[in-house]
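# A closer look at the structure
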Amino acid sequence: MFELSDNALMEKIAHGDHDAFAALVKKYAKYFYAVSYRYVADRQTAEDMTQQAFLKLWEAPFKFDPSKGVQFKTWFTSLVVHLCIDYKRKNRYSRPWDDKFDIQSNDKSAGLKVLEKQAYALLEKSIQSLPINQQTAINLGYYEEMPYAEVAEVMKTTPSAVKSLIMRAKEN
């Protein structure tokens, strides 16, 4: 089933094909979990967001219209991102990044690992504090390495605006 294109899988899903749906989930679940996690910074919530997105896809596959020239991955990324943004707005969600780390070893590299974790936590905290449009641009354009044109499709803006948002996010 993996040899089929995303569009072919979506066509089968629109006709109720469970195997096609399973193939699409298997192909993209990790990717969309990572996208979700970049927004909510919580494993369980990211899993919930990913499952909710795939459930919406199963319930209304006809909402994907390849005749509009959009790729499935770009279209579904938009769905996942908007679910996460809605979740954060409804829950006034702010991940309480844990700045405390236990050192379990006297090994010199343990101290370095703690510093790396603290730096990562600080970076994540900073990203979470950015305006949502800058978060989206940096999460998709930088961390998920989506081309700016695809990020622009997800955000309904231009590639130059995406580039500008990423630059402003890095300055903050």
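This section reports on the structure supplied with the text.

Parameters at a glance
- Residues numbered from 1 in each chain as written.
- Predicted model: local features only at pLDDT ≥ 70, side-chain atom pairs only at ≥ 80, totals over all residues.
- Heavy atoms only, no water.
- Helix = DSSP H or I, 4+ residues; strand = E, 2+ residues; numbered from the N terminus.
- Expected span 1.5 Å × (residues − 1).
- Bend = angle between axes of the 7 residues up to and from the residue.
- Buried < 20%, exposed > 50% of the residue type's maximum accessible area, 1.4 Å probe, protein only.
- Polar contact = N/O pair within 3.5 Å; in protein donor to acceptor, adjacent residues only side chain to side chain.
- Core = buried A, V, L, I, M, F, W, Y, C linked by side-chain atoms within 4.5 Å.
- Contact = heavy atoms within 4.5 Å.
- Phe/Tyr/Trp six-rings, centres within 6.5 Å; stacked < 30°, edge-to-face > 60°.
- Lys NZ or Arg CZ within 6 Å of the ring centre and 35° of its normal.

## Focus on helix H2 (residues 18-40)
One full turn of an α-helix is made of 3.6 residues, so residues set three or four places apart face in the same direction. Along its 23 residues, H2 runs just 29 Å from first to last C-alpha, ending more than 12% under the 33 Å computed at 1.5 Å per residue. Along H2, the helix axis deviates most sharply at Tyr28, where the bend reaches about 50°. Every buried residue belonging to H2 is among Ala20, Phe21, Ala23, Leu24, Tyr28, Tyr31, Phe32, Val35, Ser36, Arg38, Tyr39 and Val40, and all of these are buried. Capping the start of H2 is the job of one residue whose side-chain oxygen sits 2.9 Å from the backbone nitrogen of Asp19: Asp17. With its phi angle positive at about 55°, Ala41 sits one or two positions after the end of H2.

## Here's the deal with the nonpolar core
Here is a general trend for soluble globular proteins: nonpolar side chains tend to be buried in one another's company. Counting residues in hydrophobic clusters, the biggest one holds 42 residues, and the most contacted among them are Leu24, Tyr39, Leu57, Phe72, Phe76 and Leu140. Among the elements of the structure, helix H1 (6-14), H2, helix H3 (43-59), helix H4 (72-91), helix H6 (132-143), helix H7 (148-155) and helix H8 (159-171) are those that each provide at least two residues to this core. In contact with Leu24, other than residues within four places in its own chain, are Asp6, Leu9, Met10, Ile13, Phe54, Leu57 and Phe72.

## A closer look at the packing of aromatic side chains
Aromatic ring pairs: the centre-centre distance and the angle between the two ring planes describe each pair. All told, the structure shown has 15 aromatic pairs when counted by the stated rule. With a centroid separation of 6.3 Å and an interplanar angle of 75°, the aromatic rings of Phe32 and Phe54 are classed as edge-to-face. Here the residue Phe32 occupies a position in helix H2, and Phe54 occupies one in helix H3, the gap between them amounting to 22 residues. Positioned above the aromatic ring of Tyr143, the side-chain terminus of Arg38 is 3.6 Å from the ring centre.

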